[in-house]
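Each chain is listed here by its residues.
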Amino acid sequence: MNRPLLRLTRRVAALLPTRADYTVMARDPRRDLLAGLTVAIVALPLALGFGVSSGLGAQAGLATAVVAGALAALLGGSNLQVSGPTGAMTVVLVPIVAQYGPGGVLTVGLMAGVLLIALALLKAGRTMAYVPAPVVEGFTLGIACVIGLQQIPNALGVDKPDGEKVLAVAWRAVTAFAQAPNWTALALSAGVAAVMLTGARWRPTVPFSIVAVIVATIVVELFHLDGAAPIGDLPAGLPAPSLAFLDLSALGSLLAPAVAVAALAALESLLSATVADGMTVGQKHDPDRELFGQGVANLAAPLFGGVPATAAIARTAVNVRTGATSRLAALTHAVVLGAIVFAAAPLVSRIPLAALAGVLLATAIRMVETGSLKAIARATRSDATVLVLTAAATLVLDLVYAVIIGLAVAGALALRAVARQARLNQVDFRPDLPGEHSDEEHALLAEHIVAYRIDGPVFFAGAHRFLLQLSEVADVRVVILRMSHVTTIDATGALVLKDAVDKLRRRGITVLASGIRPAQRQVLASTGTLQLLHPDGQEYATTPEAIAAARKLLEQAGLLPVRHHAPHRPRKADR
């Protein structure tokens, strides 16, 4: 076996679950089974609702929850994660359905699964730690707004208007409702949402979503209310796995949507796993294994007619709060939903669409953490800017573009903040040589030598400031740069420094440097800056050594009297 293949085999083996991952499932099975049952009750209306919202129907949402939920539970990197269809993924899928149809969505899910497995093999899971909190919170806020707007047509009981932009579609739905009000649908959706929101405050552990949906369905059936359209016929059981939807000729055009779906699945899954870790003690997920599990889940779900899946923060939180300790809980959730698909499809098909819209409206409202939003908005102006821009881009543009914009703005603002930390301060060199010179000689030295201390990073974001300041040095003969406080320097910073030194040399000013760190020596040498900072071929570890060399230059030029003195012992502050 050649080395690349051997490395790949070892990498895949490292991503597979071990025996220890499954032995923990036997520690407290009763607790996990109860948690899984509770999560399944909560997940049922969400799976139905997100399936309908995606455009592929309620059966697609159930298939995703069963197939992807089971595989992600078995192969993922978190013991507590619950996966299935989510609102964020639905937001991405709606325009794909409109442009490519149901087959395009299933193909995109398959391609996204391959991409997620590739990300896992490349160890990309750990990059989630570098996503700033304002981007995550702004992304979540934007998703909540989009999910809420998507439910407006079903909540008002009107046909969904044509269009892909949620703001325009929601406005057209409101206009259609104003022309022909459907008070039954509005009452059902508002009632279900109100029961969920008030019930969550009163008894957080009770699954009020399923209670509200059942009550709404019974009311509609008993009183034969008009204006409450049901989900429609659901097949009993899952369809046989098939690749009939796959159109190889369309793979090229579907690559960009697949990348967007994979990026969203990775982001939401790793974020959900991080939230689960924070809610527990002793639990820590493996980000690369989580991506691998989600990849396999997304490879399998489309074969059974399911939409692309990701980990669900809300369902994972319910799983943790109800006492789950292992993967058995998430696996139980998938099995219970599978049993419902096989045994209760006729009953589920009678659920009003308006009731599901109420569930998703309440879910969107509960996604918004006002405390976190206020904290970030009050932290700094930069954090507030990133949060607002990310949320607005999520609502107006695209989820993946929103994250890219948020990261770009956050990175630019962070670079600006770091660049502002860099300082070029003129310092008085006279304390460096206490008792070495008379007052007259001190004054004479001060007329010909100036010392600067460079503090902080010297890199592309702020290096031009050093060129400007150094180029405006007054008429002196020697400039000493104290560089022991430089934290980092890149090629741009070194080249800008070289340019400044060249300009000073053309004016007849000698530039010496002291305290250059070993880590900075390579970049300075590679750009030719190091040679300019040591024109006499000598290196100066301390500022007093550089001042002594500068004095010798002035003595040779006849600007200072020749004076023989004992070498100075440098102090730590002299560097």
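The structure presented is a predicted model; accordingly, all values stated were derived computationally and were not measured.

## A closer look at the packing of helix α1 (residues 3-15) against helix α12 (residues 287-300)
Moving on, step 1. At a minimum axis distance of 9 Å, the contact between α1 and α12 shows a crossing angle of 90 degrees. Here α1 lies roughly perpendicular to α12, going by the angle between them. Only Asp-288, Arg-289 and Phe-292 of α12 make contact with α1, whose side of the interface consists of Arg-11, Ala-14 and Leu-15.
Moving on, step 2. Class assignment of the residues belonging to the contact of α1 with α12 gives a composition of three nonpolar, no polar and three charged.

## Digging into unusual backbone geometry
Moving on, step 1. One non-glycine residue, Lys-123, adopts positive backbone phi at about 60 degrees.
Moving on, step 2. As for its position among the elements, Lys-123 is in the loop between α5 (87-121) and α6 (133-150).
Moving on, step 3. Even without being glycine, His-224 reaches a positive phi, approximately 50 degrees.
Moving on, step 4. Topologically, His-224 is positioned in the loop between α10 (208-223) and α11 (251-278).
Moving on, step 5. Accessibility expressed as a relative area gives 64% for His-224, which makes it exposed.

## Some thoughts on the nonpolar core
Generally speaking, soluble globular proteins have nonpolar side chains that are buried together.
Moving on, step 1. By size, the foremost hydrophobic cluster in this structure holds 91 residues, and its most contacted members are Leu-48, Val-261 and Leu-399.
Moving on, step 2. Counting residues per element, this core draws most heavily on α5, at 15 residues.
Moving on, step 3. Those residues in contact with Val-261, other than ones at most four positions away along the chain, are Met-89, Val-92, Leu-93, Ile-96, Val-108, Ala-112 and Pro-308.
Moving on, step 4. In this structure, Met-483, Val-501, Leu-504 and Val-511 belong to the second largest nonpolar core, which totals 27 residues.

Reading guide: rules and limits
- Residues numbered from 1 in each chain as written.
- Predicted model: local features only at pLDDT ≥ 70, side-chain atom pairs only at ≥ 80, totals over all residues.
- Heavy atoms only, no water.
- Axes fitted to C-alpha atoms, helices over the stretch in contact; angles between N-to-C directions.
- Helix = DSSP H or I, 4+ residues; strand = E, 2+ residues; numbered from the N terminus.
- Parallel < 35°, antiparallel > 145°, perpendicular 65-115°, else oblique.
- Contact = heavy atoms within 4.5 Å.
- Nonpolar A, V, L, I, M, F, W, Y, C, P; charged D, E, K, R; others polar.
- Buried < 20%, exposed > 50% of the residue type's maximum accessible area, 1.4 Å probe, protein only.
- Core = buried A, V, L, I, M, F, W, Y, C linked by side-chain atoms within 4.5 Å.

Read these as layout, nothing more, since geometry by itself doesn't imply function.
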